[in-house]
Amino acid sequence: MKVNGNKITSLEGAVKTHVKDGCHLSIGGFTINRNPMAAVYEIIRQKTKNLHLYAHSNGQGADELIGAGAVSCLEIAYGGTGKFAATCIRFRKAVEEEKIQVEDYTNYQMTLRFLAGSMGVPFLPSRTSLGTDIIEKWGFAPEFRNQQPNIPNKKLVVLENPFDDWCDTKKIVLVPAINPDVTIIHVQKADYRGNCRIDGLTFADVEQAKAARTLIITCEELLDDDYLKNQPDRNQIPFIHADAVVHIPYGAYPTACYKYYDYDPVFLKQYAELAKNEEKYQSYLESIYNRKSHRELLDFVGRGRLEMIKADKNRGYAAKLDRR
Amino acid sequence: MDYTLKEMMAIVAAREIRNDDIVFCGTGISMLAAMAAKNINAPESVIFFETGAIDSKLEDLPLAVGDPRIMYQSSSNGGLLESFATMQNPFTGSHIVGILGAAQIDIYGNLNSTVIGDYHAPDVRFSGSGGACDVASFVSRSIIFMKQEKRKFKNKLDYLTSPGYLDGPEARKKAGLPEGGPVSVVTDMGMMAFDSESKKMFLKGYYPGITPEEILQNMEFEIDVTRAEEITPPSANELSLLREKCDPHRLIL
């Protein structure tokens, strides 16, 4: 967080300054929606390594970071992109080949962990997952946890309700707070100081943003300060949390950005195909390394495809898009 | 009447949904079943997504729970915190029926959607819980979609991701979970329910052309089949609404 100032910067600069090797990162969005993809590709381009990634159901963005070998530790609830990949392919490969260490939580637990981080408390309780292997089986070994000063010593804790049977509850599960070094989100509208307006579902973006030491915002539209402040009820994140603001139209592409564009089914289908093949995936990574900016990806995809995914004004997505 | 197994499964699950149910659904066939119920037998049911949208208009079939199609004309577009709190809250949670799927299921309706093999060195890795464990923990009833295969109906799960009745009657209570649990398992051969006393799965129905014996051959564990009856196939009306209203572009069917 940085209280004041003009936070507008370049994507290359924001990633270089804040996303260091070994840093603890969380990205916004959900499966095939509003993942900060331009930033994900920039991280891949800068060949950042050993990231500790916190994901709930980040889908495409998480899979591409894992596929590029940028991630060594992953705390996750769900690695899938719906119809395109019931299980994200590079995620699956990396876990099966034991290339990354994984800790499994549920979506609610991951969200509560970010909320705890954003509130400055060490944990929050819930009633989920009692009696399951999410509680019994730990992905990170206790020694590993002890060696790492920036992760908690336990995956979670089951506790008798200290208020006896209050609220008809005998036991609760405590999940530890997450304070990522960096959170990156992509939003529809932001201003130079980092006020944010998200259209449609916020997923866990707000909690992730407020839990982070450093917040990078990429946005479809960069607006005048007055514009967002004229309708404050519609803004979710005030500027005091933000460190960097980057204006990148189509910054969530190939995932969707409500009211702006849909996900690109052609891209996501092709990605799922080439992710299955080692050689093809390597040349896919080369194509990311060879691009200088997100703009070059959009140029490569072409105006026709971007026109096809353009959101209808009323619906907020491309109603006529062929998704077969 | 000509129909596919997927259509049969979607309709059979949809028939389990009632007016005033709040239906939590995931992706694929579970989304289709929820839409089928709304369009056919339970027009007053409410569709609800873990990502935070409630009562979405669903003019077009979403392909993931993060699909922007669920954001159009919903009652409110919140986030994950709100949706899971709604399930954990007993006032609302007791009206929610969850629709889930998994890689493995056991006789008590516990589900595995995490790994096959050792958790630390898995043979196969799946997506993981997502919100499934939360839903199975909180809501009053859940409907489960499964493929009827021996390797999926297991004596012992490789990983218990989402709780059913754990190891029998009273086990949920002992573990500290809210009441509730699975009520039906819809497969490509028939439908199972859970005995109110033993909490064990039993065969409730089988599709035309399928025998209870065939179903047993496709499970690792034995279940009671004495209560099973043939399931009525989808009617012409159910099929046309499913095909034309819910999935006209055959994205899932």
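Residues numbered from 1 in each chain as written. Chains lettered and ligands numbered in written order. Predicted model: local features only at pLDDT ≥ 70, side-chain atom pairs only at ≥ 80, totals over all residues. Heavy atoms only, no water.

## Focus: the overall build of chain A
Tallying secondary structure elements over chain A gives 13 helices and 11 strands in all. What you see for chain A is a C-alpha radius of gyration of 20 Å, in line with the 20 Å of a compact globule of 324 residues. The principal-axis extent of the C-alpha atoms belonging to chain A is close to 60 × 50 × 40 Å. By the burial criterion, 61% of the 324 residues in chain A qualify as buried. If you take every contact in chain A between residues at least 6 apart in sequence, the share linking residues at least 24 apart comes to 75%. Total accessible area on chain A stands at roughly 12900 Å², and carbon and sulfur atoms take up 50% of it. Across chain A, 43 positive and 41 negative side-chain charges occur, with their mean positions spaced 3 Å apart. (Helix = DSSP H or I, 4+ residues; strand = E, 2+ residues; numbered from the N terminus. Rg over C-alpha atoms; globule rule 2.2 N^0.38 Å. Buried < 20%, exposed > 50% of the residue type's maximum accessible area, 1.4 Å probe, protein only. Contact = heavy atoms within 4.5 Å. Areas by Shrake-Rupley, 256 points an atom, 1.4 Å probe, with all protein chains shown as cover. Lys, Arg positive; Asp, Glu negative; His and termini not counted. Charge placed at Lys NZ, Arg CZ, Asp CG, Glu CD.)

## A closer look at the environment of Ser-56 of chain B
Residues and elements named next belong to chain B. As for its position among the elements, Ser-56 is in the loop between strand E3 (53-54) and strand E4 (76-77). Overall, Ser-56 belongs to the buried group, its relative accessible area being 4%. Here Ser-56 is in contact with Ile-47, Phe-49, Ile-70, Tyr-72, Gln-73 and Ser-74, once residues within four sequence places are set aside. Within the structure, the side chain of Ser-56 is placed 2.7 Å from the backbone oxygen of Ile-70, a separation counted as a polar contact. (Polar contact = N/O pair within 3.5 Å; in protein donor to acceptor, adjacent residues only side chain to side chain.)

## Some remarks on the packing of aromatic side chains
The geometry of two aromatic rings is summed up by the distance between their centres and the angle between their planes. Residues and elements named next belong to chain A. Summed over all chains, the structure comprises 14 aromatic pairs over all chains. With a centroid separation of 4.6 Å and 25° between ring planes, the pair formed by Tyr-250 and Tyr-261 is classed as stacked. Of this pair, Tyr-250 sits in the loop between strand E11 (244-247) and helix H10 (265-275) while Tyr-261 is found in the loop between E11 and H10, placing the two residues 11 residues apart along the sequence. Overall, Tyr-261 belongs to the buried group, its relative accessible area being 1%. The positively charged end of Arg-90 is found above the aromatic ring belonging to Tyr-281, 4.0 Å away from the centroid. Taking NZ or CZ as reference, Arg-145 lies 5.9 Å from the ring centre of Trp-138, over its face. (Phe/Tyr/Trp six-rings, centres within 6.5 Å; stacked < 30°, edge-to-face > 60°. Lys NZ or Arg CZ within 6 Å of the ring centre and 35° of its normal.)

## Re the domain arrangement of chain A
Residues and elements named next belong to chain A. Examined at the domain level, chain A breaks down into domain 1 (11-121 + 179-308) and domain 2 (123-176). For domain 1 and domain 2, the distance between their C-alpha centres works out to 27 Å. Between domain 1 and domain 2, the contact holds 20 residues from the first and 20 residues from the second. Overall, the association of domain 1 and domain 2 removes approximately 1600 Å² of surface from exposure, summing both partners, and the carbon and sulfur fraction of that is 62%. (Domains from an automatic or database assignment. Buried area = accessible area lost by both parts, 1.4 Å probe.)

## Overview of the side chain of Asp-63 of chain A
All names here are of chain A. Structurally, the position occupied by Asp-63 is in helix H3 (residues 60-67). Look at Asp-63: it is buried, it has no salt bridge, and the nearest opposite charge is Arg-90 at 6.2 Å. Of the polar contacts made by the side chain of Asp-63, one reaches the backbone nitrogen of Arg-90; its length is 3.1 Å. Side-chain polar atoms of Asp-63 contact the side chain of Tyr-271, separated by 2.9 Å. Once residues lying within four places of it in the same chain are set aside, the contact partners of Asp-63 are Cys-88, Ile-89, Arg-90, Phe-91, Tyr-271 and Tyr-281. (Salt bridge = Lys/Arg side-chain N within 4 Å of Asp/Glu carboxyl O.)

## Considering the interface of chain B and chain A
Contact with chain B, which involves 59 residues of that partner, is made by 61 residues of chain A. Counting each side, the surface lost to burial between chain B and chain A is near 4900 Å², with a carbon and sulfur contribution of 58%. Considering only the surface of chain B that becomes buried against chain A, Arg-69, Leu-81 and Arg-125 of chain B emerge as the three largest contributors, covering 14% of it. Across the contact surface, chain B and chain A share five salt bridges. A salt bridge links Arg-315 of chain A to Asp-60 of chain B, with the nearest nitrogen and oxygen atoms 3.0 Å apart. In this assembly, chain B and chain A are joined by 35 residue pairs in polar contact (both at pLDDT 80 or more). Breaking the side of chain B that touches chain A down by element, the ones donating at least two residues are helix H3 (80-88), strand E9 (121-125), helix H5 (132-138) and helix H6 (171-175) of chain B. Within the side of chain B that touches chain A, the residues separate by chemical class into 29 nonpolar, 20 polar and 10 charged. (Nonpolar A, V, L, I, M, F, W, Y, C, P; charged D, E, K, R; others polar.)

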